[in-house]
Amino acid sequence: MIDKFYSSLQAAVADIKDGSSILISGFGEAGSPVELIHALIDQGARDLTIVNNNAGNGRVGLAALIAAGRVRKIICSYPRSSGSTVFQELFRAGKIELELVPQGTLAERIRAGGAGIPAFYTPTGAGTPLAEGKEVRSFAGREYLLEYGITTDFALVKAQKADRFGNLTYNKVARNFGPIMCMAAKTTIVQVRRLMPAGSLDAEAVVTPGIFVDRLVEIPDPVVESALISQGASYP
Amino acid sequence: MIDKFYSSLQAAVADIKDGSSILISGFGEAGSPVELIHALIDQGARDLTIVNNNAGNGRVGLAALIAAGRVRKIICSYPRSSGSTVFQELFRAGKIELELVPQGTLAERIRAGGAGIPAFYTPTGAGTPLAEGKEVRSFAGREYLLEYGITTDFALVKAQKADRFGNLTYNKVARNFGPIMCMAAKTTIVQVRRLMPAGSLDAEAVVTPGIFVDRLVEIPDPVVESALISQGASYP
Amino acid sequence: MSQTQTHAGLARLQIAQRVAQDLQDGAVVNLGIGMPELVANFVPKDREIRYHSENGVLGFGAIAAKGEEDPELINAGKKPITLLPGAAFFHQADSFAMIRGGHIDVCILGAMQVAENGDIANWSTGAADAIPAVGGAMDLVAGAREIWVMTDHTTREGAPKLVTRCSYPLTGKAVVRRIYSNLAVIEVGDPGFIVKELAAGVSLERLQELTDAPLHVHVSEPPREILL
Amino acid sequence: MSQTQTHAGLARLQIAQRVAQDLQDGAVVNLGIGMPELVANFVPKDREIRYHSENGVLGFGAIAAKGEEDPELINAGKKPITLLPGAAFFHQADSFAMIRGGHIDVCILGAMQVAENGDIANWSTGAADAIPAVGGAMDLVAGAREIWVMTDHTTREGAPKLVTRCSYPLTGKAVVRRIYSNLAVIEVGDPGFIVKELAAGVSLERLQELTDAPLHVHVSEPPREILL
């Protein structure tokens, strides 16, 4: 019988090695798999390359992983956050590498990686400083940049409901990078609010088919990152 | 108030001009917008370029459009059909042009067109006769072909439910090319089984957001193509 | 608050309201981070506007009331929002397919600088210690059918934001069509900044002093006064 | 029906059953057009197989019973199918993202010819008046982790389908790992066709006569007999 549920966060992230590349879902706090990230901090893997839209908030979740010195490089579109200076300080000290990618290019690179497309052309960023070092090509008189698909060792994703096959639904805009990140990692690990009986998810409304999911952990009542931050929390 | 519903098939297809390019949804009969195609036959536009997975069945729907001599060129993956010789006869007589595209490349080219991606690389077809004349490039030691996005003047699509904003759901595998074709046409025309009140479609389960849809026609009880064919029907 | 704002000109909500007046019925409008977020609070009577936020929602409404916030229902600026009937959620690749694929009618962005040829800079000062953050701005300027800028006319320090040539790194080249500032509504075209409206109490002379590029006026069509 | 089939060897449903025996618990398996469609009727006891059809469904079951057909629930061969718990529908770009992105464990294809180096031809005879039809086959051979072929050992006319070199235009180069025919189970590797099993009543000598490339047998591991 197929059953992708793990009994603990610890077991689900146990084999993440030093030097791994990891996609982490979320747009700010919405969709950020904070419990999985904290389990990764406890687990101890270092020298990680992280792909996320942002670079963490406060001193919890992704910001805490960065603050713990575990992240060698971050690939993101928007590393500024009103509530956090963790990334800024390490970046200015030259202790973390940044690859800044326009948000739509980041999304398309992840989808391409998951879809077996090694590279594609996009108009985004052509003629700007972010085009530096990139191959430029004209189609029908307009300039486009060549961008490469992203695939990683792991993805850590937050979703809403799952069945034992790994079929997922999401909650509102917490969906954001989840579906495409599930596609683009060798091993996709998902925390979900509710484990559902097989057959109870509508086949028409499944957002991520189980083929893209390897491991599931049920976290019925995940922390609210902004609430933690306003309490001044830090992790660990 | 936004209301994309048209009162008649005729009105919805009235401005399709001779020489137009048209995406038509469907995998065989599943998802084929037969009523819209028949309205297009009645409307009379000629010299069309059609993009569909197949080349029609029997002598109704897409096969009838082809039989009527309206199609100059078809872009498809699988123009063979157990029940139809319409395409074959015209093709062998040199009266219709065929661009044969692997199904996944066809799907990706349509999605790319809709997503503003002018071109991408794919491993599909590399080293085969379908690579002829295509640009080849290696990434990490493997050969890929450069393929171009497809955009068209119109899309004719069949869906299940719609609201006045153009949000759509589909029925089972009749979904197939619908969602990506809606994205890739200047004007997208959709026949749906049920017009739903605004706000009654679950925002989590909308498959095609209304931004991709221009016109809707309600066809509560569409014909079943295979049933028509087994009755020996032809159109008009 | 700048000097100009306290003396004359529109408050932020008034600029948002003025922008909304120019949105056509049925338009799909992306709202950028910052001041443009406020536009969703204003939908002109008898019109429906479909607001898009690149983090994955189409068909949202006003900013959520205190106590009604949902941390998983936020806009691109990470502010809690509300939904309208007919809303839909989608993932990031689909959201940017809408943007890059030319499906957004109007995108309203904030800006650090706008040049008279329509260049926009809004992602980095280019300073050595700056933390660059581009988000979806470059996709939006590359893909939306029209780019409008909504901004204070000058920086907090009073320096002009409407310039002859951007000194900051560009987000996009020759893309801005209109500027809605606290002092004026300006079209960007040939031959550059064309003043269409002036906020009450703002003179053309004063506006020129606060603008680092020549302002133009069509003689047949003098600037109107903004009335809200 | 070929001569070989009436004398000895497996019927189509038996080949399908034999293929299913080699599918591992939890495998995601794409079933190609034609004979492979039958595999969905056989899931070995105590195993769950997730069948994928490129027209947009994962998690389907056996072919639909007479009277239970739904023209909008069909497989890649356009035959009516049934759903299993946990099924999901998706559009064509997502379906081929699964295929091209390497997410399909095994793809079972029909073939016109398979060469001893693993080349496969299954989309066109290359004849001047042939109607070429490729469907998803080229995507599948480019993307699935393993390609298995399920086929009659010879054409209807008795010509070998397992050949030294394909004479028809290729679908994919060096991609086939296993062949399940009505006469044998054959691995494709080094040095070519390696016979693993023979159908009851089929001798190695007879199999070689019907195969246009040398057959190999590991001496330590003689072919077993297929028992169903």
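Keep in mind the model is a prediction, meaning the values are calculated, not measured. (Residues numbered from 1 in each chain as written. Chains lettered and ligands numbered in written order. Predicted model: local features only at pLDDT ≥ 70, side-chain atom pairs only at ≥ 80, totals over all residues. Heavy atoms only, no water.)

Colleague: What exactly am I supposed to notice about the overall build of chain A here?
Modeller: From N to C terminus, chain A includes seven helices and eleven strands. With the C-alpha coordinates of chain A rotated into their principal frame, the extents come out at 55 × 40 × 30 Å. Looking at the 236 residues of chain A, the share that counts as buried comes to 65%. Within chain A, contacts between residues at least 6 apart in sequence are counted, and of these 74% link residues at least 24 apart. Counting every atom, chain A has about 8000 Å² of accessible surface; 47% of that belongs to carbon and sulfur. Across chain A, the centroid of the 24 positively charged side chains sits 1 Å from that of the 23 negatively charged ones. (Helix = DSSP H or I, 4+ residues; strand = E, 2+ residues; numbered from the N terminus. Buried < 20%, exposed > 50% of the residue type's maximum accessible area, 1.4 Å probe, protein only. Contact = heavy atoms within 4.5 Å. Areas by Shrake-Rupley, 256 points an atom, 1.4 Å probe, with all protein chains shown as cover. Lys, Arg positive; Asp, Glu negative; His and termini not counted. Charge placed at Lys NZ, Arg CZ, Asp CG, Glu CD.)

Colleague: How should I be thinking about the interface of chain D and chain A in this particular structure?
Modeller: The figure often quoted for interface size is the accessible area lost as the parts come together. Counting residues at the interface gives 20 residues for chain D and 20 residues for chain A. On the chain D side of the interface with chain A, the three residues burying the most area are Glu48, Phe89 and His103 of chain D, jointly 31% of the side's total. For Arg164 of chain A, the salt bridge goes to Glu48 of chain D, with nearest N and O atoms at 2.8 Å. Taken together, chain D and chain A are joined by eight residue pairs in polar contact (both at pLDDT 80 or more). Secondary structure elements with two or more residues in the side of chain D that touches chain A: strand 4 (81-89) and helix 3 (92-100) of chain D. Of the residues that constitute the side of chain D that touches chain A, the class distribution is eleven nonpolar, four polar and five charged. (Buried area = accessible area lost by both parts, 1.4 Å probe. Salt bridge = Lys/Arg side-chain N within 4 Å of Asp/Glu carboxyl O. Polar contact = N/O pair within 3.5 Å; in protein donor to acceptor, adjacent residues only side chain to side chain. Nonpolar A, V, L, I, M, F, W, Y, C, P; charged D, E, K, R; others polar.)

Colleague: Hey, could you run me through the packing of helix 5 (residues 103-114) of chain B against helix 3 of chain D in this one?
Modeller: Between two packed helices, what matters for the description is the angle formed by their axes and the separation of those axes. Packing of helix 5 of chain B against helix 3 of chain D leaves a shortest axis separation of 9 Å and a crossing angle of 125°. Taken together, the axis directions place helix 5 of chain B and helix 3 of chain D in an arrangement best described as oblique. Handedness of the crossing formed by helix 5 of chain B with helix 3 of chain D: left-handed. Along its contact with helix 5 of chain B, which presents Gln103, Gly104, Thr105, Ala107, Glu108 and Arg111 of chain B, the element helix 3 of chain D presents Gln92, Ala93, Phe96 and Arg100 of chain D. Along the lines of polarity and charge, the residues of the contact of helix 5 of chain B with helix 3 of chain D split into three nonpolar, four polar and three charged. (Axes fitted to C-alpha atoms, helices over the stretch in contact; angles between N-to-C directions. Parallel < 35°, antiparallel > 145°, perpendicular 65-115°, else oblique. Left-handed = near helix turned anticlockwise from the far one by under 90°.)

Colleague: Would you mind going over the pairing of strand 2 (residues 50-53) of chain C with me for this structure?
Modeller: On a regular strand, one side chain projects to one face of the sheet and the next to the other, so that they alternate. Residue and element names in this part refer to chain C. Alternating residues of strand 2 divide into Arg50 and His52 and Tyr51 and Ser53, and every residue in both groups is buried. Where strand 1 (residues 28-31) lies against strand 2, three bridges are found, and the strand directions are parallel. The residue of strand 2 that forms the bridge with Val28 is Arg50. The pairing of strand 2 with strand 3 (residues 57-63) spans three bridges and is classified as antiparallel. Bridging across to strand 3, His52 finds its partner in Leu58. Two successive antiparallel strands, strand 2 and strand 3, enclose a turn made up of three residues, where Gly56 displays a positive phi of approximately 120°. (Pairing = 2+ DSSP bridges.)

Colleague: Help me understand the sheet that holds strand 6 (residues 113-115) of chain D, please; the structure alone is not making it clear to me.
Modeller: Two orientations exist for strands paired in a sheet by backbone hydrogen bonds: parallel and antiparallel. Residue and element names in this part refer to chain D. Pairing within the open sheet is mixed, and its three strands lie in the order 7-6-9. Of all strands in the sheet, those with a lone pairing partner are strand 7 (120-121) and strand 9 (162-163), marking the two edges. In the sheet, strand 6 pairs with strand 7 via two bridges, with the strands oriented antiparallel. In the strand pairing of strand 7, Gln113 is matched with Ala121.

Colleague: Looking at this model, I keep getting lost on the sheet that holds strand 7 (residues 120-121) of chain C. Mind explaining?
Modeller: Residue and element names in this part refer to chain C. Reading across the sheet, the three strands line up as 7-6-9 and stay open at both edges, with mixed pairing between neighbours. Edge positions in the sheet fall to strand 7 and strand 9 (162-163), since each has one partner strand and no second. For strand 6 (residues 113-115) and strand 9, the ladder comprises two bridges, and the chain directions are parallel. The partner of Val114 across the bridge, within strand 9, is Leu162.

Colleague: In this structure, what is going on with the interface of chain B and chain D? I would like to understand it.
Modeller: Each partner contributes to the interface: chain B provides 46 residues, whereas chain D provides 36 residues. Buried area between chain B and chain D, both sides added, is near 3400 Å², and the carbon and sulfur share of it is 65%. When the buried surface of chain B facing chain D is broken down by residue, Phe27, Lys172 and Val173 of chain B rank first, second and third, together holding 19% of it. There are four salt bridges connecting chain B and chain D. For Glu72 of chain D, the salt bridge is made with Arg193 of chain B, and the minimal N-O distance between the two is 3.1 Å. Where chain B packs against chain D, one counts 20 residue pairs in polar contact (both at pLDDT 80 or more). Of all the elements in the fold, those that place two or more residues in the side of chain B that touches chain D are helix 4 (86-92), strand 4 (97-100), helix 5, strand 8 (152-162) and helix 6 (178-184) of chain B. Element by element, the count of residues in the side of chain B that touches chain D is highest for helix 5 of chain B, at six residues. Tallied by class, residues from the side of chain B that touches chain D come to 20 nonpolar, 16 polar and ten charged.

Colleague: Sorry, what's going on with the packing of aromatic side chains here?
Modeller: Considering all chains together, one arrives at 13 aromatic pairs over all chains under this definition. Ring geometry for Trp148 of chain C and Tyr180 of chain C: centres 5.5 Å apart, planes at 40°, overall tilted. Of the two residues, Trp148 of chain C sits in strand 8 (residues 146-151) while Tyr180 of chain C sits in strand 10 (residues 176-181), which places them 32 residues apart along the sequence. Per residue, the accessibility class of Trp148 of chain C equals that of Tyr180 of chain C, and both read buried. The side chain of Arg50 of chain C reaches across the aromatic face of Phe165 of chain B, ending 3.8 Å from its centre. (Phe/Tyr/Trp six-rings, centres within 6.5 Å; stacked < 30°, edge-to-face > 60°. Lys NZ or Arg CZ within 6 Å of the ring centre and 35° of its normal.)

Colleague: What is the right way to read the confidence of the model for chain C from this model?
Modeller: Close inspection of predicted coordinates is inappropriate for parts of the model with low pLDDT. Scored by pLDDT, chain C comes out at a mean of 94, with 97% of its residues at no less than 70. Scored as a whole, the predicted complex attains pTM 0.97, and scored at its interfaces, ipTM 0.96. (pLDDT = per-residue confidence, 0-100.)

Colleague: What is the right way to read the pattern of salt bridges from this model?
Modeller: Should the charged atoms of two oppositely charged side chains come close, the side chains can pair. Residue and element names in this part refer to chain C. Per the counting criterion, the structure on display carries 50 salt bridges over all chains. Arg224 is the partner of Glu197 in a salt bridge, and the nearest nitrogen-oxygen pair spans 3.3 Å. Of the two residues, Glu197 is situated in strand 12 (residues 192-198) and Arg224 in strand 14 (residues 224-225); the sequence distance between them amounts to 27 residues. Between Glu209 and Arg206 there is a salt bridge, and its shortest N-O distance comes to 2.8 Å. Pair noted here: Glu209 and Arg206 are both in helix 5 (residues 204-209), with a separation of three residues, about one helical turn.

Colleague: Hey, could you run me through the side chain of Ser95 of chain D in this one?
Modeller: Along the chain, Ser95 of chain D falls in helix 3. With residues near it in sequence (within four places) discarded, Ser95 of chain D still touches His52, Ser53, Glu54, Asn55, Gly56 and Phe90 of chain D.

Colleague: Help me understand unusual backbone geometry, please; the structure alone is not making it clear to me.
Modeller: It is generally the case that most residues other than glycine have a negative phi and that most peptide bonds are trans. In this chain, Asp190 of chain C is followed by Pro191 of chain C through a cis amide linkage whose omega measures 15°. With respect to the secondary-structure elements, Pro191 of chain C resides in the loop between strand 11 (184-189) and strand 12. With phi around 50°, Ala140 of chain B is a residue other than glycine that occupies positive phi space. For Ala140 of chain B, the position within the fold is in the loop between strand 6 (136-139) and strand 7 (142-148). Residue Ala140 of chain B is classed as exposed on the basis of its relative accessible area, which comes to 91%.

Colleague: Help me out: how do you make sense of the environment of Leu216 of chain B in this one?
Modeller: Residue and element names in this part refer to chain B. Relative to the elements of secondary structure, Leu216 occurs in strand 11 (residues 215-218). For Leu216, a relative accessible area of 0% translates into the label buried. Measuring from C-alpha to C-alpha, the distance between Leu216 and Gln191 comes to 5.8 Å, with 25 residues separating the pair along the chain.

Colleague: Is there a simple way to explain helix 5 (residues 103-115) of chain A in this structure?
Modeller: One full turn of an α-helix is made of 3.6 residues, so residues set three or four places apart face in the same direction. Residues and elements named next belong to chain A. Here helix 5 spans 18 Å end to end across 13 residues, near enough to the 18 Å set by a 1.5 Å rise per residue. Burial analysis of helix 5 places 13 of its 13 residues in the buried class, which makes it a mostly covered element. Gly116, located one to two residues past helix 5, shows a positive phi value of around 75°. (Expected span 1.5 Å × (residues − 1).)

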